[in-house]
Amino acid sequence: KDALDRAVYFISKEKYTKAKYELETIIFNEPFSIYAGKAHFYLGQLHYRDEEKNEALPHYKYVVEQPRNEFTEQALARLSQIYLENKNYQAAIPILERLEQEADFPQNITFAQSNLMKSYYQLKNYANTVKYAEKVLQNSKIENSVKSDAQVFIARSAIQTGDEEKAKKAYQEVRKIATGSLAA
């Protein structure tokens, strides 16, 4: 508890190296304590903040492997983001699927669905690409650029599967969205 309090204090004073040391101490000396999850999450955040994303990875993994807690949603979002940046779509998909199911914040659900659409496309899984593109399009609050992206992924997937009619319809929708947004 004392090390965690010191770490939080150092974070508040922007003394990140000292905070990392305190958090690493907790993880090393008390790996099964009730503070381990917080320590892993905060350490992941500090590594992420310092652009040390590969170092952040195991800490976010630890958090998402624990029972759901106050840090789970953010850890799922960060973990998936790191996988996506590394173009590790195979690893990103189960994390994004969990985020879609467990997220409390609508923007995380949209983030998960749109990135599932893109990840499945990268892995040439066109049926799931279309499935998630359609989920994205069901959200009435998304921006036109996201709607347009979803239609483009539907069209590209249709082309890959030989469904020219579906591709044509999707590209027509992209045109409508673009015309609407230019007119606005």
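What you see is a predicted model; the values in this text were computed from it and never measured.

Draft legend 1. Expanded view of the pattern of salt bridges. Evaluation of the coordinates by the stated rule reveals 11 salt bridges. Between Lys20 and Glu52 there is a salt bridge; the shortest N-O distance is 2.8 Å. Residue Lys20 is found in helix α2 (residues 16–29), and its partner Glu52 is found in the loop between α3 (36–49) and α4 (53–65); the two are separated by 32 residues along the sequence. Under the relative-accessibility criterion, Glu52 is labelled partly exposed at 26%. Salt-bridge contacts for Lys53 lead to Glu51; the nearest nitrogen and oxygen are separated by 3.6 Å. Owing to a relative accessible area of 16%, Lys53 belongs among the buried residues under this scheme.

Draft legend 2. Region of the structure containing the nonpolar core. Tyr60 and Leu79 are the most contacted members of the largest nonpolar core, which totals 37 residues. Looking at this core, the elements with two or more residues in it are α3, α4, α5 (72–85), α6 (89–102), α7 (106–122), α8 (126–138) and α9 (144–160). The residues contacting Tyr60, other than those within four sequence positions of it, are Phe41, Gly44, Gln45, Tyr48, Ala75, Arg78, Leu79 and Ile82. Listed in part, the 12 residues of the second largest apolar core include Tyr16, Ala19, Ile27 and Ala39.

Draft legend 3. Geometry of the packing of helix α1 (residues 2–12) against α3. Where α1 contacts α3, the two axes come as close as 11 Å, and the packing angle between them is 25°. It follows that α1 is roughly parallel to α3 by the angle criterion. Between α1 and α3 lies a crossing of left-handed hand. Counting all contacts with α1, which are made through Leu4, Val8 and Ile11, the residues of α3 involved are Lys38, Tyr42 and Leu46.

What counts and what doesn't
Residues numbered from 1 in each chain as written. Predicted model: local features only at pLDDT ≥ 70, side-chain atom pairs only at ≥ 80, totals over all residues. Heavy atoms only, no water. Salt bridge = Lys/Arg side-chain N within 4 Å of Asp/Glu carboxyl O. Helix = DSSP H or I, 4+ residues; strand = E, 2+ residues; numbered from the N terminus. Buried < 20%, exposed > 50% of the residue type's maximum accessible area, 1.4 Å probe, protein only. Core = buried A, V, L, I, M, F, W, Y, C linked by side-chain atoms within 4.5 Å. Contact = heavy atoms within 4.5 Å. Axes fitted to C-alpha atoms, helices over the stretch in contact; angles between N-to-C directions. Parallel < 35°, antiparallel > 145°, perpendicular 65-115°, else oblique. Left-handed = near helix turned anticlockwise from the far one by under 90°.

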